[in-house]
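# Analysis of the macromolecular model
Here are the chains, one letter per residue:
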Amino acid sequence: MTLKQFATAAALGVAFAAATLAPASAETFRLSHNTNDTTTWQKGAEKFNELLKESSGGEMDIRIFPNAQLTGGDQMKQAEMVGRGSLDFVVTSAINVTPLVPEMAVFSLPYLYSDYDDVDATTSGAPGEKMKEILAEKGIVVLAWGENGFREVTNNVKPVKAPADMQGLKMRVAGPMYIDVMNALGANPQQMQWTETFSALQQGVVDGQENPIGAVIIPQRVYEVQKYLTTWHYSYDPIFIGVSKQLWDSWDAETQTMVRSAAEEAMTYQKDVTRKETSEGVAFLTEQGMEVYEPTAEEIDAFRQATKPAFDSWAQKVGPDLVALFQETIEGGSDTGTANDDTVTPTGGQDAAAGTDQGAAAQ
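Please read all numbers here as calculations on a predicted model, not as lab measurements.

This part is about the overall build of the chain. Secondary structure assignment for the chain yields 16 helices and nine strands. A burial count over the chain gives 55% of its 363 residues as buried. For the chain, the proportion of contacts with a sequence separation of at least 24, taken over those separated by at least 6, is 79%.

Okay, here's the thing in structure tokens:
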């Protein structure tokens, strides 16, 4: 064998060895979420992909589709597609799943929560586990809970300081429960896909909208088309990473553990980023020219009383026993706020606002 032939054979041997040691081509999965690629939803999805690639040795890869592209912009259909097994993963919020799983509206009942401690007690406790069971029955395995956040109200007409200020405002909303809440306040609710909302606000088709600060209002630049914001933190909306049960059941226990671990770490990261951005959000929005009103505890209580009919109606729809489980967990796990006849009284001021400006994105 000549020196040249030896070198060629050696090179081929190295290449063969590398090929046998390298992982097979990555299996690519599709993940859909509601918002654009600037939000903490996207950051959480990207972190999930990064962690999953690393832990699988490059054998698993996630292709992320923002703005509900795979459902033609219909954010409500994503969970249904995952449940049917036609979509692998979804990052979506509780309120967006209510057409498929009405019980998910329990998270967003008006003024159920007062702060992050209340929220975390439910998502990490028995209520969160119960909701996972309910979603599994619809073909969706919840891997981890993240943060959309407390939803705040914005509009272009006037400052909102009391329930009467909502009278007649044309408000874009994400789902049926929020329609009832707005009707209780005397507003004119219009259900609309998020992909249509920015232009509707810009053109005056609607006067306002409600969403979290850190997850939606800032990253989706809502402040460019809205003048007034009130940190009334009337409703909370968690997000979650869900996987098709069909896909989940096809994996062995080791793979399931790996995927769940990556999802949990990714959502912890997403939640931390969202809360940080929310805590800094009021100052940023003020700098951008928005007029921000932070209600007192007494003013927030007035909103709570005004939305009580919607709370009562939806508590019956989602199930009194389920609502009681959430309330009991909140009462037992929160040091701030005590449950009254229906909900936990929210706190007012900057601290509460920081806990509600979160990322929103039922959008």
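Glancing now at the packing of aromatic side chains. Taken as a whole and assessed by the stated rule, the structure comprises 15 aromatic pairs. Residues tyrosine 116 and phenylalanine 150 carry aromatic rings whose centres are separated by 6.1 Å and whose planes lie at 55° to one another, so their mutual orientation is tilted. Of this pair, tyrosine 116 sits in helix 5 (residues 116-123) while phenylalanine 150 sits in strand 4 (residues 140-155), placing them 34 residues apart in sequence. An angle of 85° between the planes, with centres 5.4 Å apart, marks the rings of tyrosine 223 and phenylalanine 284 as edge-to-face. In this pair, tyrosine 223 sits in the loop between helix 9 (213-217) and strand 8 (228-244) while phenylalanine 284 sits in helix 12 (residues 281-287), placing the two residues 61 residues apart along the sequence. The exposure class assigned to tyrosine 223 is buried, which follows from its relative accessible area of 10%. In textbook terms, an aromatic cluster arises when at least three aromatic residues are bridged by ring pairs, as seen for Phe29, Phe48, Phe89, Trp248 and Trp251.

With that settled, the discussion passes to the pairing of strand 1 (residues 27-33). Here strand 1 pairs with strand 2 (residues 60-65) via six bridges, running parallel. Its bridge partner lying in strand 2, serine 32 is registered against phenylalanine 65. Note on the crossover from strand 1 through helix 2 (residues 40-55) to strand 2: the handedness is right-handed. Summarising the sheet, strand 1 and strand 3 (residues 89-93) pair through three bridges and their orientation is parallel. Note on strand 3: the bridge partner recorded for serine 32 is valine 90.

Because an α-helix completes one turn every 3.6 residues, residues spaced three or four positions apart along the sequence face the same direction. For helix 3 (residues 77-84), the complete set of buried residues consists of Gln78, Ala79, Met81 and Val82. Summarising the axial view, the buried residues of helix 3 lie within an arc of 160°, below the 170-degree limit, and thus occupy one face. Residues of helix 3 that are buried make contact with strand 1, strand 3, helix 4 (94-97), strand 4 and strand 8. With its phi angle positive at about 85°, glycine 85 sits one or two positions after the end of helix 3.

Parameters at a glance
Residues numbered from 1 in each chain as written. Predicted model: local features only at pLDDT ≥ 70, side-chain atom pairs only at ≥ 80, totals over all residues. Heavy atoms only, no water. Helix = DSSP H or I, 4+ residues; strand = E, 2+ residues; numbered from the N terminus. Buried < 20%, exposed > 50% of the residue type's maximum accessible area, 1.4 Å probe, protein only. Contact = heavy atoms within 4.5 Å. Phe/Tyr/Trp six-rings, centres within 6.5 Å; stacked < 30°, edge-to-face > 60°. Pairing = 2+ DSSP bridges. Right-handed = clockwise from strand over helix to strand, strands pointing away. Arc of directions from axis to C-beta.

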